[in-house]
Amino acid sequence: MNAQVGFDGANAHTWNSVCISNMPLGYEISETPDRFAAEHMTEIVIRSVGIALLVAAYGQLLLPLPMMTKAFLLVAFLSTGFGLYAFATRGFRKSVKINLATRELRAAKLNTSGATRIAVLVPFADIESIYVRRPAGRGGQATLELRKKGIPSSTCLLRGREGEIASLHQRLCRDIRMAAQPLRTRKAANARLFASRVTA
């Protein structure tokens, strides 16, 4: 696969803290789900409580209670149930999608079902820098940080092993630089890359 379209070696290399999958116009990097057993269980419990409250909101209407009490319980159970369900399914695994055709980065969080509720789309042109924040102590996780132009604070894109995060950082920076170049320059760079692979 062309280096400008997919992630070469995504399946050949064993990644421990991240998962990489190729897409038609780029690739997706997400944190491995087995690192978040506690968050997974917490989401299931909170989501179940939220669903139980939604069911109870209508079930209490069958009880012999005053109408004002039923109305109060209905509003309280529905608002609390929906709030807990939304909180539980907001996602806890970070994911980054790179679209090299549209030159955009999509940062999101995945829940236990792999769905995304909250995502941020960042054009390559709006990116000030991408860098690796090393772990504070032994056994800690490195983070891949993104800073947008005109915004002093950074956004954490991914968390994982320092070596893997550093490799991803190099690849993302290369792809973003290549995508920013004119089409003729990118074609020449791809031709040189292909020639080097053939002669290696």
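Remember, it's a predicted structure, so these values are computed and weren't measured experimentally. (Residues numbered from 1 in each chain as written. Predicted model: local features only at pLDDT ≥ 70, side-chain atom pairs only at ≥ 80, totals over all residues. Heavy atoms only, no water.)

Colleague: Describe the overall build of the protein, listing the residues and the values that go with them.
Modeller: Looking only at helices and strands, the protein has 4 helices and 8 strands in total. Listed N to C, the secondary structure of the protein is β-β-α-α-β-β-β-β-β-β-α-α in terms of helices and strands. The 200 residues of the protein split such that 34% are buried. Look at the contacts in the protein between residues 6 or more apart in sequence, and 46% of them connect residues 24 or more apart. (Helix = DSSP H or I, 4+ residues; strand = E, 2+ residues; numbered from the N terminus. Buried < 20%, exposed > 50% of the residue type's maximum accessible area, 1.4 Å probe, protein only. Contact = heavy atoms within 4.5 Å.)

Colleague: How would you summarise the nonpolar core if you had to cite specific residues and measurements?
Modeller: Core analysis: the biggest nonpolar cluster contains 24 residues, and Ile-98, Leu-105, Phe-124, Ile-127, Leu-157, Leu-158 and Leu-168 have the highest contact counts within it. Sorting the residues of this core by element identifies β1 (18-23), β2 (26-31), β3 (93-99), β4 (104-110), β6 (127-133), β7 (142-148), β8 (155-160) and α3 (162-180) as the ones contributing at least two each. Excluding anything up to four places from it in sequence, Ile-98 contacts Met-23, Leu-25, Gly-26, Tyr-27, Glu-104, Leu-105, Phe-124 and Leu-172. (Core = buried A, V, L, I, M, F, W, Y, C linked by side-chain atoms within 4.5 Å.)

Colleague: Mind laying out the pattern of salt bridges, listing which residues take part and the relevant values?
Modeller: Side-chain pairing between opposite charges can occur once the charged atoms of the two side chains come close. In this structure the tally under the stated criterion is 6 salt bridges. With a shortest N-O distance of 2.8 Å, Arg-159 and Glu-31 are connected by a salt bridge. In this pair, Arg-159 is assigned in strand β8 and Glu-31 in strand β2, connecting sequence segments 128 residues apart. A relative accessible area of 0% places Glu-31 in the buried class. Between Arg-47 and Glu-43 there is a salt bridge, and its shortest N-O distance comes to 3.7 Å. Taken together, the residues Arg-47 and Glu-43, both in helix α1 (residues 37-59) and 4 residues apart, mark about one turn of the helix. (Salt bridge = Lys/Arg side-chain N within 4 Å of Asp/Glu carboxyl O.)

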